[in-house]
Amino acid sequence: MAISKTARRKRIRLGIRRKISGTTERPRASVFKSNKAIYAQLIDDISGKTLASASTKEIGREGLNIEIAKEVGKKLAENAKEAGIKAVIFDRAGYKYHGRVKSLAEGAREGGLKF
């Protein structure tokens, strides 16, 4: 029996999460894609708190493409600077590092975050 797309992504995501964890000094940058938006947040896994976040809804843009994902990455970097964060661990959450996920990461790097 074939594994569904969501079940496959969940297995990959859990494998990634076994290997990486965020701290206060270097939080985990987690990405989530839906059909209408893309979300990113910086998470301190030790205390279980979100330190900064950004989404397409926050920047007020409609639609979803790689240019908008790059803007979300830049907004995430801006919010991280306000929170005093300079370096992060990137968590692609089981998505391929391609398209919107890659664009978001590049936007965050342009905004000044170090991966």
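Structure shown above.
All of the points below concern the structure found in this document.

What counts, and where the lines are drawn
Residues numbered from 1 in each chain as written. Predicted model: local features only at pLDDT ≥ 70, side-chain atom pairs only at ≥ 80, totals over all residues. Heavy atoms only, no water. Helix = DSSP H or I, 4+ residues; strand = E, 2+ residues; numbered from the N terminus. Rg over C-alpha atoms; globule rule 2.2 N^0.38 Å. Buried < 20%, exposed > 50% of the residue type's maximum accessible area, 1.4 Å probe, protein only. Contact = heavy atoms within 4.5 Å. Areas by Shrake-Rupley, 256 points an atom, 1.4 Å probe, with all protein chains shown as cover. Lys, Arg positive; Asp, Glu negative; His and termini not counted. Charge placed at Lys NZ, Arg CZ, Asp CG, Glu CD. Expected span 1.5 Å × (residues − 1). Arc of directions from axis to C-beta. Salt bridge = Lys/Arg side-chain N within 4 Å of Asp/Glu carboxyl O. Axes fitted to C-alpha atoms, helices over the stretch in contact; angles between N-to-C directions. Parallel < 35°, antiparallel > 145°, perpendicular 65-115°, else oblique. Left-handed = near helix turned anticlockwise from the far one by under 90°. Nonpolar A, V, L, I, M, F, W, Y, C, P; charged D, E, K, R; others polar.

Digging into the overall build of the chain
Moving on, step 1. For the chain, the count of helices and strands is 4 helices and 4 strands.
Moving on, step 2. In the chain, the succession of helices and strands from N to C terminus is α-β-β-β-α-α-β-α.
Moving on, step 3. For the chain, whose C-alpha radius of gyration is 14 Å, the value lies close to the compact-globule estimate of 13 Å for 115 residues.
Moving on, step 4. C-alpha atoms of the chain, sized along the principal axes, occupy 50 × 35 × 20 Å.
Moving on, step 5. Here the chain holds 115 residues, and 37% of them are scored as buried.
Moving on, step 6. Within the chain, contacts between residues separated by at least 24 positions form 58% of all contacts whose residues are at least 6 apart in sequence.
Moving on, step 7. Accessible area for the chain stands at about 7100 Å²; split by element, carbon and sulfur atoms hold 50% of it.
Moving on, step 8. One way to put it: in the chain the 27 positive side-chain charges average out to a point 9 Å from where the 12 negative ones average out.

A short note on helix 1 (residues 5-19)
Moving on, step 1. Given a rise of 1.5 Å per residue, 15 residues ought to cover 21 Å, and the 22 Å separating the end C-alpha atoms of helix 1 matches this to within 8%.
Moving on, step 2. Arg9, Gly15 and Ile16 are the residues of helix 1 that are buried. One face of helix 1 carries all of its buried residues, which in axial projection span an arc of 125°. Turned more than 90 degrees off the buried face of helix 1, the exposed positions are Thr6, Arg11 and Arg18.
Moving on, step 3. In this structure, the buried residues of helix 1 make contact with strand 1 (28-33) and strand 4 (89-91).

Things to note about the pattern of salt bridges
Moving on, step 1. With the rule as written, the count across this model stands at 7 salt bridges.
Moving on, step 2. Glu110 serves as the salt-bridge partner of Lys70, at 3.2 Å between the closest nitrogen and oxygen. Residue Lys70 is located in helix 3 (residues 66-82), and its partner Glu110 is located in helix 4 (residues 100-110); the two are separated by 40 residues in the primary sequence.
Moving on, step 3. The salt bridge involving Lys74 is made with Glu110; its shortest N-O contact spans 3.4 Å. Pair noted here: Lys74 is in helix 3 and Glu110 is in helix 4, with a separation of 36 residues, a long-range link.

Comments concerning the packing of helix 3 against helix 4
Moving on, step 1. Contact geometry for helix 3 and helix 4: axes closest at 7 Å, N-to-C directions at 40°. Of the possible angle classes, the one that applies to helix 3 and helix 4 is oblique. Classified by chirality, the crossing of helix 4 by helix 3 is right-handed. The residues of helix 4 that touch helix 3, namely those facing Ile66, Ala69, Lys70, Val72, Gly73, Lys74 and Ala77, are Arg100, Ser103, Leu104, Glu106, Gly107, Ala108 and Glu110.
Moving on, step 2. Among the residues forming the contact of helix 3 with helix 4, the class breakdown is 6 nonpolar, 3 polar and 5 charged.

Examining helix 4
Moving on, step 1. Within helix 4, the full set of buried residues consists of Val101, Ser103, Leu104, Ala105, Gly107 and Ala108.
Moving on, step 2. Looking at the buried positions of helix 4, the neighbouring elements they touch are strand 1, strand 2 (38-44), helix 3 and strand 4.
Moving on, step 3. Gly112 sits one or two residues past helix 4 and shows a positive phi near 115°.

Remember that the coordinates give geometry; whether it matters functionally is a separate question.
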